[in-house]
Amino acid sequence: MKNFILGLAVLSTVLMKAQTQIIAHRGYFQAQPPTTENSIKSLENAQKLKIYGSEFDVRMTKDGVLVINHDEHHGQMEISETSFKELEALKLSNGEKFPTLKNYLKQGKKDSSLKLIVEIKPAKTPELENEITRKTLQMIKDLKLESQSEYISFSLHICKEIKKLEPAFKVQYLNGELSPEQIKKEGLDGMDYHYSVFQKNPTWISEAKTLGLITNSWTVNDAAIYQDLKNQGIGFVTTNIPDQLKNK
């Protein structure tokens, strides 16, 4: 009887670990009241949800300041060709200041239970990609957020550079063209692909899990698609509706 109870406890632990975890895409911005994606307020909203993590996008200004923004442009200004002082003059649509990575991370540090999913955006040259990667990792280390942070990028070069600088950091590739076996050969920790990639390659989630890789999918805003991915045993989904999916 004792062994049976122990077995149930172990099975329960395994099932808990196998549950699909939720990551807020660019924070939780479709809240009530709504706010702006990649804003510090959207990160605060995600912290209140008690989910696994919150994703955000890192870019670098012309004068080397790391900022949070998904698009290449802030208003009409191209971020990589504009100084931070000029960019800062234009506030976000919710009235917040244009966020720096440093201020964003300081807010993230207020809740150690929420993982910070750091997407480093591709840059125009490998040299610039190396610079933004090095500066991002250094800021995270300076703020002692190493254990709270995980990394994703559409740039394979950036992914490999992170692993080169910090082999223990978790890194997932976003672009979608590499098989689980190729991801493993590149020395990365996982694949974070658009859900359509997994629909076209229905064996990839199970293959990735067999190889010990992290599996994640973006941007899952449909409950049926989420359920299908969950049934396949995906580890994580990134979504604009974290409040709705976290209890499904």
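Residues numbered from 1 in each chain as written. Predicted model: local features only at pLDDT ≥ 70, side-chain atom pairs only at ≥ 80, totals over all residues. Heavy atoms only, no water.

Per an unreviewed UniProt entry, the chain goes by Glycerophosphodiester phosphodiesterase and derives from Chryseobacterium vrystaatense.

(A) Broad picture of unusual backbone geometry. A cis geometry characterises the amide bond from Gln32 onward to Pro33, with omega recorded as 0°. Within the secondary structure layout, Pro33 lies in the loop between strand 1 (21–24) and helix 2 (40–49). One non-glycine residue, Lys50, adopts positive backbone phi at about 60°. With respect to the secondary-structure elements, Lys50 resides in the loop between helix 2 and strand 2 (53–60). (Helix = DSSP H or I, 4+ residues; strand = E, 2+ residues; numbered from the N terminus.)

(B) Broad picture of the packing of helix 2 against helix 4 (residues 101–108). Packing of helix 2 against helix 4 leaves a shortest axis separation of 10 Å and a crossing angle of 20°. With respect to their mutual orientation, helix 2 and helix 4 come out roughly parallel. Classified by chirality, the crossing of helix 4 by helix 2 is right-handed. Contacts from Ile40, Ser42, Leu43, Glu44 and Gln47 in helix 2 reach Asn103, Tyr104, Gln107 and Gly108 in helix 4. Here the residues of the contact of helix 2 with helix 4 are counted per class, giving three nonpolar, five polar and one charged. (Axes fitted to C-alpha atoms, helices over the stretch in contact; angles between N-to-C directions. Parallel < 35°, antiparallel > 145°, perpendicular 65-115°, else oblique. Left-handed = near helix turned anticlockwise from the far one by under 90°. Contact = heavy atoms within 4.5 Å. Nonpolar A, V, L, I, M, F, W, Y, C, P; charged D, E, K, R; others polar.)

(C) Examining the side chain of Gln107 more closely. Mapped onto the secondary structure, Gln107 falls in helix 4. Among the residues examined, Gln107 registers a relative accessible area of 9% and is labelled buried. Dropping the residues within four chain positions of it, Gln107 is found in contact with Ile40, Leu43, Glu44 and Gln47. (Buried < 20%, exposed > 50% of the residue type's maximum accessible area, 1.4 Å probe, protein only.)

(D) Spotlight on the nonpolar core. One finds Phe56 and Tyr193 to be the most contacted residues of the largest nonpolar core, which totals 52 residues. Ranked by residue count, the leading element in this core is helix 2, at four residues. Once residues lying within four places of it in the same chain are set aside, the contact partners of Tyr193 are Tyr173, Leu174, Asn175, Gly176, Glu177, Leu178, Ile183, Phe198, Trp204, Asn216, Ser217 and Trp218. Counting residues in each nonpolar core, the second largest holds seven residues, with Ile23, Ile152, Ile214 and Phe236 among its members. (Core = buried A, V, L, I, M, F, W, Y, C linked by side-chain atoms within 4.5 Å.)

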